[in-house]
Amino acid sequence: MHTKTRIALAIWLAALLVVACREAPDIEEQASPSDTPVESTSTAITSQILPPTEIPTTQPPTAEPVATEIPTETTAPPVPPPGPTLEPLPAGQELVFTRLQMFDPLTGWASGGVGGNNDHLFTTRDGGNTWRDVTPPQPGEPGTLAVAAFFRDASTAWATFYGASMDVLMPPWPVVWHTQDAGQTWQVSQLLDMTGLDQAYNTELYFADAQHGWLLTHVGAGMSHDYVTLFGTTDGGFSWARLLDPYNDGQIQGCVKTGMLFLDSQVGWLTGDCGGVMAGAFLNRTEDGGLTWTYIDLPAPPDRPLLYDVNVWAACGSYDLYFFDPQAAMLGVRCTIYDVSYGDPTFVNYLYTTQDGGTTWSTQPYPAGTLFFVDPLNGWALDREIHQTNDGGVTWSLVNTVHWDARFNFISSQLGWAASYTETEYALVATSDGGAHWFMLHPTVAP
């Protein structure tokens, strides 16, 4: 990514955490390169935190939440409010995707829609050429909502909706949908307890197994905080308990959250970026299902032993956490180092690895970009220069240089897809050689 872009992102992060009150949207508009299958067509995976839009909250909510009884599985599903619901798109409609997740060469899920909207869910059975619209019947006007989903396998998924802009600060019907038949039918949860919250945006879902899941939703920003509410379920998503919110801090309200991952019903991780407001890289772990969190103090890299020192002008954040088993994991840390004489900043990236569940970490530099690993050996550093590793990040090879950005999904060291975009165009492209070459797909809604 160009230096100016990185500088702009760094400046925005610092501004967000120190003085601003801004929302980090879940997705940004995408574009598809008009110049199709070129021999260099894979792009930078953008981070989960993207250029902000203003939100009308500069401090944490003040209302005290009201205790509510957690519903049981025998409680009847809630009745939706009257009004329109999100309707399936017509057959033949061209699609733009904001997220892809394939499970094999033919089968996968995507979210996206038309004109940059992110309010529909789709499945494919032919490798991404045609897609079936399987959007739940969520109440709401088209274009006003965005969807967050967790895809467990080719048949099982959970989804929830939130306001796509300042015009819709709260979803009209805050529920979580669940399907076990690839979206042919959906079951709806009990209503989420949104008491005392004025807005909900940029939501993330994660399930450790078929029963235990978590929903993290952003509810405000300002004063060096990114306020969130964390819900949990133990019955497959039918009922959700409000575990943490801005009123019972839980030590996770500071700094922008960039990702959430749970290994089982108890152990989970949160990554984040403090934009230089605090030293080090934001990383927290829970061992009680999300009720309490402990800050993990990552060691500074050997080649920059003072990187996390409070006297160093550096803004670091943790991203792209991958656990391959309960003990082995990889984590990306991206830093911007500012010259005290106000010269051009320096950008450095480090790959952290652990073999003991996060108790100790080792680190080494990696090329710029978002990390994507399919196993402990095979992965990519995805920027406009695409690098690949087949030895767990010890060495990297430049496989492609591209002129567009994208969100990527690989299922092996060779086979992958990318929802690519420029300032004016969108495309779905795929690779069968690890990203060295890409070919164009033309996704449409299946009849």
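Student: Can you walk me through the pairing of strand β10 (residues 176–179) in this structure?
Tutor: A regular strand places its side chains on the two faces of the sheet in alternate fashion. Every second residue of β10 is oriented toward a common face, with V176 and H178 on one face and W177 and T179 on the other, all of them buried. In terms of strand pairing, strand β9 (residues 157–163) meets β10 through four bridges, oriented antiparallel. If you follow T160 over to β10, its bridge partner there is V176. By the bridge criterion, two bridges tie β10 to strand β11 (residues 187–188) in an arrangement that is antiparallel. Residue pairing across strands places W177 opposite V188, the latter belonging to β11.

Student: Got a minute to help me understand the environment of V277 in this structure?
Tutor: Counting through the fold element by element, V277 comes out in the loop between β17 (268–273) and β18 (283–286). Residue V277 is classed as partly exposed on the basis of its relative accessible area, which comes to 38%. Along the backbone, V277 and S224 are 53 residues apart, and their C-alpha atoms lie at a distance of 7.3 Å.

Student: What am I meant to see in the confidence of the model for the chain here?
Tutor: Per-residue confidence for the chain averages 84 on the pLDDT scale, and 83% of its residues sit at or above 70. Taken as a whole, residues 1–73 scores under 50 in pLDDT and shows 221 contacts with residues more than four places along the chain or in a different chain.

Student: Would you take a moment to explain the sheet that holds strand β12 (residues 201–207) for this structure?
Tutor: For sheets, the rule is that strands pair by backbone hydrogen bonds, running either parallel or antiparallel. The strand order β12-β13-β14-β15 describes an open sheet built from four strands, whose pairing is antiparallel. A single partner strand is all that each edge strand has here, and the edge strands are β12 and β15 (241–244). Strand-to-strand twist in this sheet, taken as the mean axis angle between neighbours without regard to direction, amounts to 25°. Bridge count for strand β14 (residues 225–233) against β15 is three bridges, and the pairing is antiparallel.

Student: Which parts of the structure should I look at to understand the pattern of salt bridges?
Tutor: Here the idea is simple: oppositely charged side chains can pair when their charged atoms come close. The tally for this structure, following the rule as stated, stands at six salt bridges. Where D193 meets R242, a salt bridge forms, and the shortest distance between an N and an O atom there is 3.8 Å. On the criterion of sequence distance, the pair formed by D193 in the loop between β11 and β12 and R242 in strand β15 is long-range, its members being 49 residues apart. R242 carries the same exposure label as D193, and that label is buried. With its nearest N and O atoms 3.0 Å apart, the salt bridge here joins R334 to D320. Here R334, found in strand β21 (residues 329–337), pairs with D320, found in strand β20 (residues 314–323); they are 14 residues apart in sequence, far enough to count as distant. Accessibility classification places R334 together with D320 in one group, the buried group.

Student: What is the right way to look at the sheet that holds β9 in this model?
Tutor: Taken together, the four strands give an open sheet; going across it, the order is β8-β9-β10-β11, and neighbouring strands pair in antiparallel fashion. Unpaired on one side and paired on the other, β8 (145–151) and β11 mark the two borders of the sheet. Relative to β9, β8 is paired through seven bridges, and the arrangement is antiparallel. Bridge assignment links A146 to a residue of β9, and that residue is Y162.

Student: Sorry, what's going on with the state of the cysteines here?
Tutor: The bond known as a disulfide is covalent and runs between the sulfur atoms of two cysteines. Evaluation of the coordinates by the stated rule reveals two disulfides. Paired by a disulfide, C255 and C274 hold their sulfur atoms 1.8 Å apart. Taking the sign of the S-S torsion, 95° for the link of C255 and C274, the bridge is right-handed. Here the residue C255 occupies a position in the loop between β15 and β16 (256–262), and C274 occupies one in the loop between β17 and β18, the gap between them amounting to 19 residues. A residue is classified by how much of its surface remains accessible, and C255, at 5% relative accessible area, is buried. Residue class for C274 comes out buried when judged on its relative accessible area of 1%. What connects to what in the chain, once the bonded cysteines are numbered by sequence position, is 1-2, 3-4.

Student: Looking at this model, I keep getting lost on the packing of aromatic side chains. Mind explaining?
Tutor: The geometry of two aromatic rings is summed up by the distance between their centres and the angle between their planes. Overall, the coordinates contain 25 aromatic pairs when judged by the stated rule. A centroid spacing of 6.2 Å and a plane angle of 40° characterise the contact between F150 and F207, whose relative ring orientation is tilted. One end of the pair, F150, is in strand β8; the other, F207, is in strand β12, with 57 residues separating them in the sequence. What makes F207 buried here is its relative accessible area of 2%. A ring pair is formed by F207 and W240, whose centres lie 5.9 Å apart and whose planes are at 90°; its orientation type is edge-to-face. Separated by 33 residues along the polypeptide, F207 in strand β12 and W240 in the loop between β14 and β15 bring together distant segments of the chain. Residue classification places W240 among the buried positions, given a relative accessible area of 5%. Sitting over the face of the ring of Y319, R334 holds its NZ or CZ atom 4.0 Å from the ring centroid.

Student: Where do I start with unusual backbone geometry in this structure?
Tutor: For residues besides glycine, phi is generally negative; the peptide bonds are generally trans as well. Phi at N202 is positive, roughly 50°, even though this residue is not glycine. Position of N202 among the secondary structure elements: in strand β12. The buried category is assigned to N202, whose relative accessible area is 6%. A positive phi is found at C255, a non-glycine position, where the angle reads about 75°.

Student: I tried to follow the environment of S111 on my own but got confused; where do I start?
Tutor: Its place among the elements puts S111 in strand β5 (residues 108–113). Sequence separation of S111 and L100 is eleven residues, and the distance between their C-alpha atoms is 6.8 Å. Filtering out sequence-adjacent residues up to four positions away, S111 remains in contact with V96, F97, T98, R99, N118, H120, L121 and V147.

Student: Would you explain the environment of W240 in this entry?
Tutor: Sequence spacing of W240 and Q190 is 50 residues, and the spatial spacing of their C-alpha atoms is 7.4 Å. Not counting residues up to four positions away in its chain, the partners in contact with W240 are V176, S189, L192, L205, F207, G213, W214, L215, F231, G232 and T233. Among the polar contacts listed, one links the side chain of W240 to the backbone oxygen of G237, at a separation of 2.9 Å.

Criteria and thresholds
Residues numbered from 1 in each chain as written. Predicted model: local features only at pLDDT ≥ 70, side-chain atom pairs only at ≥ 80, totals over all residues. Heavy atoms only, no water. Buried < 20%, exposed > 50% of the residue type's maximum accessible area, 1.4 Å probe, protein only. Helix = DSSP H or I, 4+ residues; strand = E, 2+ residues; numbered from the N terminus. Pairing = 2+ DSSP bridges. pLDDT = per-residue confidence, 0-100. Contact = heavy atoms within 4.5 Å. Axes fitted to C-alpha atoms, helices over the stretch in contact; angles between N-to-C directions. Salt bridge = Lys/Arg side-chain N within 4 Å of Asp/Glu carboxyl O. Disulfide = S-S within 2.5 Å. Phe/Tyr/Trp six-rings, centres within 6.5 Å; stacked < 30°, edge-to-face > 60°. Lys NZ or Arg CZ within 6 Å of the ring centre and 35° of its normal. Polar contact = N/O pair within 3.5 Å; in protein donor to acceptor, adjacent residues only side chain to side chain.

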